[in-house]
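Working through the structure, step by step
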Amino acid sequence: MAAAHADCSGQKETMATFHPTLWGDYFLTHQPQSSGQQPQMRERMEVLLEQVRAIIKESNGIQKVMELILSLERLGLDYHYENEIGELLDVVLNSDYDDNNLQLVSLRFYLLRKNRYDVSSDVFNKFQDKQGDFFQSDTNSLLSLYSAAHMRTKGEKVLDKAIYFTKKHLLGALEHLESPCVEEVYFALLTPPFRRVRILEARSYIPCYEKEPTRNEAILELAKLNFNILQLLFCEELKEVTLWWQKLKVGSNLSFVRDRIVETYFWINGTSYNHKYSYSRIIATKITAFMTIIDDILDTYGSTEESMQLAEAINRWDEGAVDVLPEYMKDVYLYLLETFRSFEEHLGPGKSYRVVYLKESFKKLVQAYSAELKWRDEKYVPKKISEHLEVSTISIGTSVVACAFFVGMDNINADTFNWLSSKTKLLKSFAIFVRLTNDMASTQREQQGVHCASTIQSYMKEHEMTKDDACEKIKELIENSWEDMLKHYLELIEQPMVVPQIILELSRTVDNMYKHTDAYTNSKTIKDTIRMLFIDPME
């Protein structure tokens, strides 16, 4: 699965010498070419960071300011300048601007709403005629409006119409456009900018920015250097999680389990590439890997009796429970307990309480797995999709992964973990989005064997319709859940900004992994992207 944005590098990515099952061995032995240059790289980066900071402070003119902010965000540099960008956005909000310029209005709306400023979509009303159709405009303006319209929440009819209008005209313009505009339009239609995984966006946009005549050389150099330094950190994290994975000896003891530790890290890495969240990425990768193991045991390999024994042991959460397990599960269970203890030791006395929340979330996940196992054995299809979602929005594991990510963060307290334990609107819409997206991608594969009924089957049963019709309706529900999620993201003010940001970033990674297929299971579809992100440096 390709990243959902233009790749202007001109490079053809191939993985002829790599196979997904060999990823772990590669990263254990691989020494990045630039690893010995880290001190010089970091020294140069400090110089460039200050140069770009000066550029930001000296920027003026609403359009140039907004274009600068957009470039910094797309290049993956904005996390270095959160305060400076916040000040610029305040200026954008409070300054006069040409409200007859559709491209300018669209960019302003996009940037402000994206950063949770309260802006009304009514600004687009003036660009409609009496019938509600938008006036024809140039491609850049249409593309800008298309991006802005995807910041819609439920009920914003002017943005609904804008998406329909711009999509229609941009599709029609594709055959007449030239590079690089044609790539920009194509990938926007595939995945709107706001829904893209940000580290992949940065990796693909840097070569595009390099070709822009208005590029700033200091910003370009910083973007390349920033990516290469992050890539070195990613490789260190990959080695750590791969060593941890190999201690479990999945390849020999649990050969039926999907061996996807690098793909798991790739997925989690898309949630946040900020260097200060390194330990969060490691925790979330390990937890997601355990979720894969237990899911594969309960859903594919283990008998019902064995699966219930594992669920019982996890609910007890003590080493003595290993006695109830079949032999092949014992090492997995003990390693699970050991891994959680390692989290507590790493966090120390002041933060180890967080692991209690993670443990309870993990137990609830396994309870949901058990409920679905009962559905499978009884060949039960929930009569309504709402009944299905009561269980399947837990079994999809969104709360566990989010909790795992927050466990490793410095700027999180008990209030956030209590919030995670409650059924808030943002978490509910997030879980629905992930569950439905997953089911759409994996239903064909899973229904070939003996599996629990999916939400699609429940929707078919509830509304007495064909599978194809149900899938079309599920697509609408996915879009509705995204709009709900965005609304709650904008409204959540009682938690640190990073909390709703991480939830939204997790949703972007899910969209990326399941856009065309179940790329986690069919991992060959993302091998080129993995190489682009973790192996090939920017030059």
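Since we're looking at a predicted model, the values are computed, not measured.

1. Observations regarding the domain arrangement of the protein chain
By a frequent convention, interface size equals the accessible area lost on bringing the separate parts together. According to the domain assignment, the protein chain consists of domain 1 (36-222) and domain 2 (252-535). The straight-line distance from the C-alpha centre of domain 1 to that of domain 2 is 32 Å. Taken together, the 23 residues of domain 1 in the interface contact 29 residues of domain 2. When the buried area of domain 1 at its contact with domain 2 is split by residue, Arg116, Lys154 and Arg195 rank highest and sum to 30% of it. The tally of links from domain 1 across to domain 2 stands at 4 salt bridges.

2. Some remarks on the side chain of Arg508
Within the secondary structure, Arg508 is located in helix H23 (residues 498-514). If sequence neighbours within four positions are ignored, Arg508 has contacts with Phe194, Arg195, Arg196, Val197 and Trp482.

3. Regarding the packing of aromatic side chains
For the coordinates displayed, the defined rule picks out 27 aromatic pairs. Ring plane angle 80° and centroid distance 5.6 Å describe the contact between Tyr79 and Tyr273, whose orientation is recorded as edge-to-face. Of this pair, Tyr79 sits in the loop between helix H3 (62-74) and helix H4 (82-94) while Tyr273 sits in the loop between helix H12 (261-269) and helix H13 (278-301), placing them 194 residues apart in sequence. Tyr273 shares its class with Tyr79; the two are buried. With 6.4 Å between their ring centres and 55° between their planes, Phe290 and Tyr335 make a pair best called tilted.

4. Examining unusual backbone geometry
For the peptide bond that leads from Ser179 to Pro180, omega is 5°, which places it in the cis range. As for its position among the elements, Pro180 is in the loop between helix H7 (157-173) and helix H8 (181-190). We note that Arg116 has phi near 70°; this positive angle belongs to a residue other than glycine. Mapped onto the elements of the fold, Arg116 is located in the loop between helix H5 (102-114) and helix H6 (139-149). In this model, Lys379 sits at a positive phi of 55°, which is unusual for a non-glycine residue. Mapped onto the secondary structure, Lys379 falls in the loop between helix H16 (354-378) and helix H17 (385-395). Residue classification places Lys379 among the exposed positions, given a relative accessible area of 74%.

5. Side note on the layout of surface pockets
Which parts of space are left empty comes out when a probe the size of a water molecule is rolled across the atoms. Within this model, the largest pocket holds a volume of roughly 1400 Å³. What lines the largest pocket is a set of 43 residues, among which Leu70, Ser71, Arg74, Tyr205 and Glu212 lie closest to the centre. The set of elements that each furnish at least two residues to the lining of the largest pocket consists of helix H2 (38-58), H3, H5, H6, H8 and helix H9 (198-210). Examining the composition of the lining of the largest pocket, we find that 9 residues originate from one element, H3, more than from any other.

6. A short note on the pattern of salt bridges
Tallied over the full model, the rule gives 32 salt bridges. With a shortest N-O distance of 2.8 Å, Glu217 and Arg215 are connected by a salt bridge. Look at Arg215 and you get partly exposed, because its relative accessible area is 32%. Taking the shortest distance from any N to any O, the salt bridge between Asp536 and Arg531 comes out at 3.3 Å.

7. Here we look at the environment of Leu171
Position of Leu171 relative to the elements: it lies in helix H7. Using a relative accessible area of 47% as the deciding quantity, one classes Leu171 as partly exposed. Each C-alpha atom of the pair Leu171 and Asp90 lies 35 Å from the other, and the pair is 81 residues apart in sequence.

8. Focus: helix H18 (residues 398-407)
The buried count for H18 comes to 9 of 10 residues, which makes it a mostly enclosed element. Burial in H18 covers these residues: Thr398, Val400, Val401, Ala402, Cys403, Ala404, Phe405, Phe406 and Val407.

9. Some points on helix H10 (residues 217-247)
Between the first and last C-alpha of H10 there are 46 Å, a value that for 31 residues agrees with the 45 Å anticipated at 1.5 Å per step. At the N-terminal end of H10, a side-chain oxygen is found 3.0 Å from the backbone nitrogen of Ala218, two or three residues along, and the residue is Asn216. One or two residues past the end of H10 sits Lys249, with phi positive at roughly 55°.

10. Thoughts on the nonpolar core
Among the nonpolar cores identified, the biggest contains 175 residues, and Phe124, Ile287, Leu358, Phe362 and Phe406 are the most heavily contacted of them. Of the residues forming this core, the biggest block, 16 residues, is contributed by H10. Both of domain 1 (36-222) and domain 2 (252-535) provide at least three residues apiece to this core. The residues contacting Leu358, other than those within four sequence positions of it, are Ile283, Ile287, Phe340, Phe343, Val400, Cys403, Ala404 and Val407.

11. Some thoughts on the packing of H3 against H4
A pair of packed helices can be characterised by two numbers: the angle between their axes and the separation between those axes. Between H3 and H4, the least distance of the axes is 10 Å, while the angle of their chain directions is 145°. For the pair H3 and H4, the sense of crossing is left-handed. Taking contact as the criterion, the partners of Ile62, Val65, Met66, Ile69 and Leu72 in H3 are, on H4, Ile85, Leu88, Leu89, Val91 and Val92. Within the contact of H3 with H4, the residues separate by chemical class into 10 nonpolar, no polar and no charged.

12. Re the side chain of Asn228
If you trace the backbone, Asn228 turns up in helix H10. Residue classification places Asn228 among the buried residues on the basis of a relative accessible area of 10%. Aside from chain neighbours lying at most four places away, what touches Asn228 is Met41, Pro537 and Met538.

13. A few points about the state of the cysteines
Summed over all chains, the structure comprises 0 disulfides. Cysteine Cys471 is unpaired, with the sulfur of Cys452 as its nearest cysteine sulfur at 16 Å.

Calculation rules
Residues numbered from 1 in each chain as written. Predicted model: local features only at pLDDT ≥ 70, side-chain atom pairs only at ≥ 80, totals over all residues. Heavy atoms only, no water. Domains from an automatic or database assignment. Contact = heavy atoms within 4.5 Å. Buried area = accessible area lost by both parts, 1.4 Å probe. Salt bridge = Lys/Arg side-chain N within 4 Å of Asp/Glu carboxyl O. Helix = DSSP H or I, 4+ residues; strand = E, 2+ residues; numbered from the N terminus. Phe/Tyr/Trp six-rings, centres within 6.5 Å; stacked < 30°, edge-to-face > 60°. Buried < 20%, exposed > 50% of the residue type's maximum accessible area, 1.4 Å probe, protein only. 1 Å grid on protein atoms, 1.4 Å probe; cavity = no way out; pocket = protein on both sides within 12 Å on 5 of 7 lines; lining within 4 Å. Points joined across faces, edges and corners; volume = space filled by probe spheres on them. Expected span 1.5 Å × (residues − 1). Polar contact = N/O pair within 3.5 Å; in protein donor to acceptor, adjacent residues only side chain to side chain. Core = buried A, V, L, I, M, F, W, Y, C linked by side-chain atoms within 4.5 Å. Axes fitted to C-alpha atoms, helices over the stretch in contact; angles between N-to-C directions. Left-handed = near helix turned anticlockwise from the far one by under 90°. Nonpolar A, V, L, I, M, F, W, Y, C, P; charged D, E, K, R; others polar. Disulfide = S-S within 2.5 Å.

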